[in-house]
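Single-letter residue listing:
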Amino acid sequence: EKTRDAPMAQPFSGGVWFDPVEGKCKAWYMGGYNQHLCYAESKDGVSWTKPAFDVVKGTNIVLPGGATESNTVWLDLDEKDPKRRVKFFTHRGGAIGNMYYRASPDGIRGWSEELWKSGGCGDRTTVFRDPFRGKWVINVRESFSPGQRGRTKRYWQVSDTNDPALVSCLAQDRVPLWVTADRGLDAPNVRLVVHWSMP
């Protein structure tokens with residue numbers, strides 16, 4: 001967490017879950033900017049500990065060099081394969097890179113090799129499961145350059161993230177548009193502008 005020039009412990013890209021099998025809360029987070037995937041746990045969700053593992057001896061690192069600005073760790077309670085109970089989706093490669101998928105029995109050890117790699121998509125592409133429809137949603141960020149739309153999200157859903165064929169067409173230019181912000185085209189509503197003043 002104190003490595004390189006930007007020491008940090010950031011759960012913004014990771015996952016925080018209650019594991020009913022073990023009766024504890026589990027958190028995966030980025031330790032050190034774009035450095036390691038780390039793990040912490042809690043009995044009550046308030047007080048957290050960082051167990052020391054042998055992955056990187058004496059630390060709570062569970063995937064060395066595995067963390068980027070765009071990770072999703074998903075504790076999949078419906079997964080039938082115990083080796084894929086914890087799923088890890090990560091984006092690498094800069095503004096336009098690729099999503100990669102790996103899995104582990106417990107999110108600590110036994111990580112698989114990369115099970116698939118997506119086509120080109122922007123950073124901040126993430127994955128979540130829609131429990132109401134039983135679908136996995138890949139929230140694709142369309143990376144942009146001058147002259148294009150502002151920040152744009154595209155939407156791709158699959159029934160099974162374990163099947164590489166279902167994500168083979170995942171790329172920012174081949175999936176449906178979801179939402180966009182057209183920079184400079186939306187005039188501000190002056191009635192909603194709040195002016196703050198210090199006493």
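A few points on the structure. Everything quoted here is computed from the prediction, not taken from an experiment. (Residues numbered from 1 in each chain as written. Predicted model: local features only at pLDDT ≥ 70, side-chain atom pairs only at ≥ 80, totals over all residues. Heavy atoms only, no water.)

1. Some thoughts on the pairing of strand S5 (residues 71-75)
So, step 1. Burial analysis of S5 places five of its five residues in the buried class, the great majority of the element.
So, step 2. Pairing between S5 and strand S6 (residues 86-92): five bridges, direction antiparallel. Counted as the bridge partner of Val73 is Phe88 from S6. (Buried < 20%, exposed > 50% of the residue type's maximum accessible area, 1.4 Å probe, protein only. Helix = DSSP H or I, 4+ residues; strand = E, 2+ residues; numbered from the N terminus. Pairing = 2+ DSSP bridges.)

2. A word on the nonpolar core
So, step 1. Counting residues in hydrophobic clusters, the biggest one holds 15 residues, and the most contacted among them are Phe89, Met99, Trp116, Val127, Trp136, Ile138 and Val140.
So, step 2. Where this core is concerned, the elements lending two or more residues are strand S7 (96-104), strand S9 (121-130) and strand S10 (135-142).
So, step 3. Non-local contacts of Ile138, meaning those with residues more than four positions away in its chain, are made with Thr125, Thr126, Val127, Arg154, Tyr155, Trp156, Val167 and Leu170.
So, step 4. Residues Trp28, Val62, Leu63 and Leu75 belong to the second largest nonpolar core, which totals twelve residues. (Core = buried A, V, L, I, M, F, W, Y, C linked by side-chain atoms within 4.5 Å. Contact = heavy atoms within 4.5 Å.)

3. Looking at the sheet that holds strand S3 (residues 36-42)
So, step 1. Taken together, four strands build an open sheet; the order of strands is S1-S2-S3-S4 and the sheet is antiparallel. This sheet does not close on itself; its edge strands, each paired only once, are strand S1 (9-19) and strand S4 (61-63). Strand-to-strand, the axes of this sheet are offset by a mean angle of 30 degrees, without reference to chain direction.
So, step 2. Two strands pair when backbone bridges link them, and strand S2 (residues 24-31) and S3 are joined in this way by seven bridges, in the antiparallel orientation. The residue of S3 that forms the bridge with Ala27 is Ala40. (Axes fitted to C-alpha atoms, helices over the stretch in contact; angles between N-to-C directions.)

4. Remarks on the pattern of salt bridges
So, step 1. According to the stated counting rule, one finds 14 salt bridges in the structure shown.
So, step 2. For the salt bridge of Glu22 with Lys26, the shortest nitrogen-to-oxygen distance reads 3.1 Å.
So, step 3. By relative accessible area, Glu22 is classed as partly exposed at 44%.
So, step 4. What makes Lys26 buried here is its relative accessible area of 3%.
So, step 5. A salt bridge links Arg92 to Glu114; the shortest N-O distance between them is 2.8 Å. Separated by 22 residues along the polypeptide, Arg92 in strand S6 and Glu114 in the loop between S7 and strand S8 (116-117) bring together distant segments of the chain.
So, step 6. The exposure class of Glu114 is partly exposed, given its relative accessible area of 40%.
So, step 7. Members of the salt-bridge network, linked through shared partners, are Asp19, Glu22, Lys24, Lys26, Glu41 and Arg85. (Salt bridge = Lys/Arg side-chain N within 4 Å of Asp/Glu carboxyl O.)

By themselves these figures say nothing about function.
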